[in-house]
Each structure stands twice: as structure tokens, then as C-alpha cells.
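# Analysis of the macromolecular model
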Amino acid sequence: MDKYCSGCGKLLQYDNKDIEGYIPFNKYDDTNYCMRCFKLIHYGSSYNNKEYDNEYILNYINNKFGFKVFLTDLLNINNYVIDLYKKINGNKLLVITKVDLLDKTLNKNKIKIKLKNIYNINEDIIFISTNKEYNIHYLVNYLKNKKENNIYFLGTTNSGKSSLINKIIELYDIKRDNLTVSNKKNTTLEFININNKELFNIIDSPGFIIKDYNLNIKYKNIIKPITFNMKKDEVINIDKFYIKFKEQSSITIYTYENSYIKKYYKDIEFKDSLEVSNNIDLCINGFGFINIKSKNNLLISNLDINLISTRKSIFGDNDGQN
Ligand SMILES: Nc1nc2c(ncn2[C@@H]2O[C@H](COP(=O)(O)OP(=O)(O)OP(=O)(O)O)[C@@H](O)[C@H]2O)c(=O)[nH]1
Ligand SMILES: [Mg+2]
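Here the structure is a predicted model, which is why all the values come from computation and not from measurement.

About the cut-offs
Residues numbered from 1 in each chain as written. Chains lettered and ligands numbered in written order. Predicted model: local features only at pLDDT ≥ 70, side-chain atom pairs only at ≥ 80, totals over all residues. Heavy atoms only, no water. Domains from an automatic or database assignment. Contact = heavy atoms within 4.5 Å. Buried area = accessible area lost by both parts, 1.4 Å probe. Donors = N, O, S within 2.8 Å, 3.2 Å for Na, K, Ca; no water. Helix = DSSP H or I, 4+ residues; strand = E, 2+ residues; numbered from the N terminus. Buried < 20%, exposed > 50% of the residue type's maximum accessible area, 1.4 Å probe, protein only.

## With respect to the domain arrangement of the protein chain
Split by domain assignment, the protein chain resolves into domain 1 (54-204) and domain 2 (226-312). Of note, the centres of domain 1 and domain 2, computed from C-alpha atoms alone, are 30 Å apart. On the side of domain 2, 16 residues touch domain 1, which itself brings 12 residues to the contact. When the two sides are added together, the surface that domain 1 and domain 2 hide from each other amounts to roughly 1,000 Å², 57% of it contributed by carbon and sulfur.

What follows is the structure in C-alpha cells.
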């Protein structure tokens, strides 16, 4: 009988070690995990994964009945991610994960209202933290009330889908091996059905992939907003990229706190430019966002312009602080 990896969902096989689902023949009967998951779980390393493209996932999901939960963390909400969310048909919910990473002074309720307005979201939005078990029971009860047999957990890679499902398995005593979780992209490789008597049928999924800024940090820290006053023609250097402000403005950077930030006048070559209006967020996929208060003309260096999108600020005029 066919056997599937409990961690990533791939069909287990002992024929080809270069193909996913591989497990040596002598281990086949004793384990429920493929070699790749074993390495991810124990050493945090793995070989390259095949990626399902976003269209495939959307197509698959849009042909299924059930309730759909879309996960993303706050720093990764941008036009590209919301566009994917909007392409999901049927009843759905937006879940903002990893709120343990948010500075306590950020007002989640205000952010929720802003997000709904800016991105025109009619569905509910729920904030959770799997690590801190924040709102997990609330979310499960919310989903129970939907009275659907199948609940699909979708979202960008690394948004925390499998971690959340593992937590639900633990809290509701569901008899099931843990799904594989890692900070690498594309950990889950298939749609994985978790049948159970305790709750609804849970389906994990391969994450959507979005081209993003490769922020080279190992551990993601609490997001502490940092504010600077940029003078006319001043340059800010964040991690590997530079932005020059043609006009004076206050700016606030929302990213992981150990990103390297420096400010100075510097004449370097700027390839790209971008005009922005008052009080916008400059979203950089995979990095976070920069709130820019005053209308500006930005010169940008060493940053792929395709990773950038702008929106009205999610913090309004008072920075969303309590
Ligand atoms: N700080 C924090 N980190 C979390 C939380 N939930 C998950 N993570 C981390 O986020 C990373 C990705 O988690 P996964 O559960 O593998 O994400 P996924 O959405 O299943 O990813 P794919 O399978 O690649 O689509 C891991 O390093 C987790 O430890 C959370 O509540 N707080
Ligand atoms: Mg996963």
C-alpha cells in the first residue's frame, strides 16, 4: 500500500534519492517521514524543493468546497499577497500570524480596520500567535461555527500554516504525527488531509511563493518601529539597499530589529526613482515596510523595484500607537 510522508505529504519511495519522498529501503517500514523532512526537523537543512506554482494552487483550491483560511504575517501583507488572497473563491478568512513579533504598542484593532479599508477586504480578519497560543481557541471556535466539513489552510510559504495545524493537533488531542515546520521556503509539498473525529477536516497546503527580498537574518526578532527624520537629499542605507529622499520627511521602518540601518549624505548611483504621495507605506516583499509621511521623490539603489508596492499607511496619522 502507498505510504505518504507525515511531514510534507509526499509519496514515500525508495527508488530515487534525488526525488522527493525518498527514504532508504531498510527504513521504509519503520518511519513515517521522508529523508528531506528528517533532515529539516533534525538539522534544519534540506535540498532544493520543487515549487508548485501559484496558479496550480489557486486552481486546485478554487475547485474545492469548504472554508478557506488564508495566513500571512503583518510584514508580508502587500499588494502581491492580497492579490492572491482575493483570487481565492468562496467563503474565507484572513489570519494574521506571528503577532508575538509585533511591538506591544501597535494597536491591532486599528490595523485591522485600516487593512479592511485600504485593501477593500469584506471578510473577517483574526490575529493569532501559534508560539504564544494567542487566539488559537478563538480561531478554532470561529471555524467550528462555519459548520463546514473541510477547512483549508492556505497562504504564503513560511506564514505558519503547518505550525498552526500542529498546535491545533496538540491542543485538541488529534492523533496525528506532526507536520514538518521550518524557516525554509516550501516546507510542505502537497495538500495534506488531516481527518479527525475531534474537529473539522483540516487540510494543509504548499505555500504560495512570492519573489521577495532576501533578508539575511536567521532569527526573526520583535518588530520595533524605528523613526528617522530624513532631510532633503539625505540617504538611508537599510541592509543592502539605499533610498535617497528628495524632500524632507519623517519615516518609520517596520522590519526585524536587527536589520542594519544607517543614514547619511552619499553620492552613489541610483538606478530607479519612485514618486510617492503623503503618508504611504512603501512595502518591500519579504522585508517589511517603510512609512513615509511627506510627498516625496525617492531614488532607489540596490533593490529590485519589482519587490516594491505602495499603499495608504496602515497606521493613519497617529502611527497606530496606543
Ligand atoms: N515568531 C513566530 N514564528 C512562527 C509562528 N508560527 C510559525 N512560526 C515560524 O515560521 C516559520 C514557518 O513556519 P511553517 O509552519 O513551516 O510555515 P508554512 O506556512 O507551513 O510554510 P510552507 O510549508 O513552506 O508553506 C517557522 O520557522 C516557524 O517556527 C509564530 O506564531 N510566531
Ligand atoms: Mg507548511
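What follows picks up the thread again.
## Some details on the coordination of the magnesium ion (ligand 2)
Taken together, Ser162 (OG) and Thr188 (OG1) make up the protein donors of the magnesium ion (ligand 2), found 2.1 to 2.2 Å from the metal. Of this pair, Ser162 sits in helix 6 (residues 161-171) while Thr188 sits in the loop between helix 6 and strand 5 (192-194); the two residues are 26 residues apart in sequence, bridging distant segments of the chain. Thr188 gets classed as buried once you look at its relative accessible area, which sits at 6%.

## Quick notes on the side chain of Thr157
As for its position among the elements, Thr157 is in the loop between strand 4 (150-155) and helix 6. For Thr157, a relative accessible area of 15% gives the class buried. Those residues in contact with Thr157 that sit more than four places away from it in its chain are Lys184, Lys185, Asn186, Gly207, Phe208 and Ile209.

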